[in-house]
Amino acid sequence: MFNLVLFVAFPYVAVVLAVVVGVYRFMLHRFTYSSLSTEFLEKRKLFWGSVPFHYGIILILLAHLFAIIFSGTWKYLVSDTLRLYTMEVIGLSFAIWALLGLLVLLYRRFSDSRIRSLTTPMDVVLLAFLLWQIGSGIYIAIFNRWGAQWFTTTAVPWIHSLLVLQPKHEYVSSLPLVIRIHMLGGFILLALFPFTRLVHLVSFPLPYLWRPYQVVRWYKRAGQAKREG
């Protein structure tokens, strides 16, 4: 029953929450549909945290998506020992890179009273979950090696079974607890998506593609212009 709730029901609930609540928030609270950046308060630590975190996490997510969508190609890539070792080292390097960036962002957010005052409870929940997700991924990479390979016979077929509406939790229900929670991480992110700053991922400024050019003119006060002249 426990496995049915977590690995069959919860993924679908997470998707429904992401779509329904996400659309509701966009329609009625559009002003909050952004990352609500605090860049104007502090830039230096934001740069050194945001750049490694975003590049690291995006590349890792792309690798996961590639393995899910092109599972046959991925299996071929990791079938060779040298390529498997290379994938593992690269993946672990990006995860550590992302973790270091996240730690800098955490320090920045909670060491600056101005930024801390703008931090919401959902920000704390999201940051804590991201810390767990990246940390557990590093743990799995070190202590449950060759995940790039066994991922294709566990998580990939499980996700495929969810997509065709024939969920089979047996693919993942016997794995160690830390791996099972980590695999649920993607759906936990989906469930958190409409309630956090994650919504900025889909807030593309598409109207800027066809909006007319904006003409900006700078006017100086008469007194200032005379002094400068």
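In what follows, the accompanying structure is described. (Residues numbered from 1 in each chain as written. Predicted model: local features only at pLDDT ≥ 70, side-chain atom pairs only at ≥ 80, totals over all residues. Heavy atoms only, no water.)

A look at the overall build of the chain
Part 1: Along the chain, the regular secondary structure elements total eleven helices and zero strands.
Part 2: In the chain, the order of α-helices and β-strands from amino to carboxyl end is α-α-α-α-α-α-α-α-α-α-α.
Part 3: Going through the 229 residues of the chain one by one, you find that 34% of them count as buried.
Part 4: Within the chain, contacts between residues at least 6 apart in sequence are counted, and of these 77% link residues at least 24 apart.
Part 5: Carbon and sulfur atoms form 71% of the exposed surface of the chain, whose accessible area is close to 15200 Å². (Helix = DSSP H or I, 4+ residues; strand = E, 2+ residues; numbered from the N terminus. Buried < 20%, exposed > 50% of the residue type's maximum accessible area, 1.4 Å probe, protein only. Contact = heavy atoms within 4.5 Å. Areas by Shrake-Rupley, 256 points an atom, 1.4 Å probe, with all protein chains shown as cover.)

So, the nonpolar core
Part 1: Core analysis: the biggest nonpolar cluster contains 22 residues, and F151, W158, V172 and M183 have the highest contact counts within it.
Part 2: Sort the elements by how many residues they give to this core and helix α8 (residues 155-163) lands first, with five residues.
Part 3: Dropping the residues within four chain positions of it, F151 is found in contact with H64, A67, I68, V156 and P157.
Part 4: With 20 residues, the next largest nonpolar core counts A18, A98, L105 and L198 among its residues. (Core = buried A, V, L, I, M, F, W, Y, C linked by side-chain atoms within 4.5 Å.)

Here's the deal with unusual backbone geometry
Part 1: The phi torsion at W146 lies on the positive side, around 65°, for a residue other than glycine.
Part 2: Mapped onto the elements of the fold, W146 is located in the loop between α6 (121-143) and α7 (147-150).
Part 3: Unusually for a residue other than glycine, L165 sits at a positive phi of about 60°.
Part 4: Structurally, L165 is set in the loop between α8 and α9 (177-183).
Part 5: The exposed category is assigned to L165, whose relative accessible area is 63%.

Function-wise, these values are silent; they only describe arrangement.
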